[in-house]
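One-letter residues, chain by chain:
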Amino acid sequence: MSTSTITATGTDALGAPAPVLSFSPVVLSVPGRPVELQVRVSAPATGTALPVILLSHGHGPSYHLSSLNGYAPLADFWAAHGFVVVQPTHLTSRTLSHLVADAPGSPDFWRSRAEDMTHVLDRLDVIESTVPQLAGRIDRAKVALAGHSLGGFTAALLLGAGLTDPDTGNVVHLVEPRIKAGILLAAPGRGGEVFNGPMAEQWPVVGGVDFSTMTAPALVVAGDKDDSRHFTDMGPQWHADPYTLAPGPKTLLTLFDAEHGLGGIAGYDAAETTDENPERVAALARLTAAYLRTQLHPGAPAWQIMREALTTGPGAMGRVESK
């Protein structure tokens, strides 16, 4: 499929892109947090009643991409097509390592990562009043969440998944009811016997998730070449677990030939992206925007149009199944 075909399809299903305003850092003071919560906010320059996407970064090797400065290929596209994108810098970010290495919850900060999103939703008034030209333009009833890799783990918790706390053995639920739909990008899968890779003992919390209570609508995105041997020998199918093991309504998008970076979503020209493919990133940006457009505006045809354009026929970028 040519880039021109993808671009034309995006215009048809999502409308023409608007110029984007990006403002950072917005600093939110959170009592008890080792450092202030800093977020980037990206929004279209025009439009009102804008839905919100909270974007949870992963734990990748780059210094800045795992912070409010990452994921521009997705954040820019979503903002250009009518969403207010809010990107927090979680305590797992390498930009904060020297400040929080000994803080409670280190090194995975699983509870803090989820709580960051709740703090953002609690402080949307501060965000609106701080970001120029944003006041009065957010629709607070339309909130979605996206997360990549460890961010997908965070997203699962906020969408309803349970978690067995490895320190206490207690099951914890951090569901955020204000979030209406989610996108899990290359998220971790199940624990148990298949959670047997060399990194599993260092990150036991990753294998403690119970997807059976993740009831919110979600699009699970998995690369069919994303073989996370450091966590499991199950193969790429492990990343489909948030779809396979969760109740509906769920949709699984399997991207062909995609590895953990899904073509390079963490940043423009990210050196550690093992499967760099701008066309794949462009298709994923359109598919995710279309999915959330339809989830937050029931009856909107964007998802059906984009799914048919990009996941069917000889030029398909991936395949889709739903339940």
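Residues numbered from 1 in each chain as written. Predicted model: local features only at pLDDT ≥ 70, side-chain atom pairs only at ≥ 80, totals over all residues. Heavy atoms only, no water.

Draft legend 1. Representation of helix α9 (residues 302-310) within the structure. Among the residues of α9, Ala302, Trp303, Met306 and Leu310 are the ones counted as buried. Projected onto a plane normal to the axis of α9, the buried residues spread over an arc of 90° and lie on a single side. (Buried < 20%, exposed > 50% of the residue type's maximum accessible area, 1.4 Å probe, protein only. Helix = DSSP H or I, 4+ residues; strand = E, 2+ residues; numbered from the N terminus. Arc of directions from axis to C-beta.)

Draft legend 2. A look at the packing of helix α2 (residues 72-80) against helix α8 (residues 278-296). Running from N to C, α2 and α8 cross one another at 45°; their axes reach a closest spacing of 10 Å. The angle between the axes of α2 and α8 places the two elements in the oblique class. Crossing handedness for the pair α2 and α8: right-handed. Residues Pro73, Leu74, Phe77 and Trp78 of α2 form the contact with α8, whose own contacting residues are Val281, Ala285, Arg286, Thr288 and Ala289. Of the residues that constitute the contact of α2 with α8, the class distribution is seven nonpolar, one polar and one charged. (Axes fitted to C-alpha atoms, helices over the stretch in contact; angles between N-to-C directions. Parallel < 35°, antiparallel > 145°, perpendicular 65-115°, else oblique. Left-handed = near helix turned anticlockwise from the far one by under 90°. Contact = heavy atoms within 4.5 Å. Nonpolar A, V, L, I, M, F, W, Y, C, P; charged D, E, K, R; others polar.)

Draft legend 3. Local environment of the nonpolar core. Membership of the largest hydrophobic core comes to 51 residues, with the highest contact counts inside it found for Val41, Leu54, Val84, Val86 and Ile127. Of all the secondary structure elements, the ones that give two or more residues to this core are β1 (20-28), β2 (37-44), β3 (50-56), β4 (84-88), α4 (110-122), α5 (124-130), β5 (138-148) and α6 (150-158). In terms of residue count, the dominant contributor to this core is α6 (six residues). Each residue touching valine 84, except ones within four places of it in the same chain, is listed here: Val41, Ser42, Ala43, Leu50, Pro51, Val52, Ile53, Leu134 and Ile138. The next biggest cluster of nonpolar side chains, apart from the first, holds 43 residues, and it includes Leu74, Val85, Ala186 and Met317. (Core = buried A, V, L, I, M, F, W, Y, C linked by side-chain atoms within 4.5 Å.)

Draft legend 4. Here's a closer look at the packing of aromatic side chains. A full pass over the atoms with the stated rule returns four aromatic pairs. With 5.5 Å between their ring centres and 20° between their planes, phenylalanine 195 and phenylalanine 231 make a pair best called stacked. With phenylalanine 195 in the loop between β8 (181-185) and β9 (209-210) and phenylalanine 231 in the loop between β10 (218-223) and α7 (241-244), this pair connects stretches of sequence that are 36 residues apart. There is no split in this pair, since phenylalanine 195 and phenylalanine 231 are both buried. Ring centres 5.5 Å apart and planes at 85° place the aromatic pair tyrosine 291 and tryptophan 303 in the edge-to-face group. (Phe/Tyr/Trp six-rings, centres within 6.5 Å; stacked < 30°, edge-to-face > 60°.)

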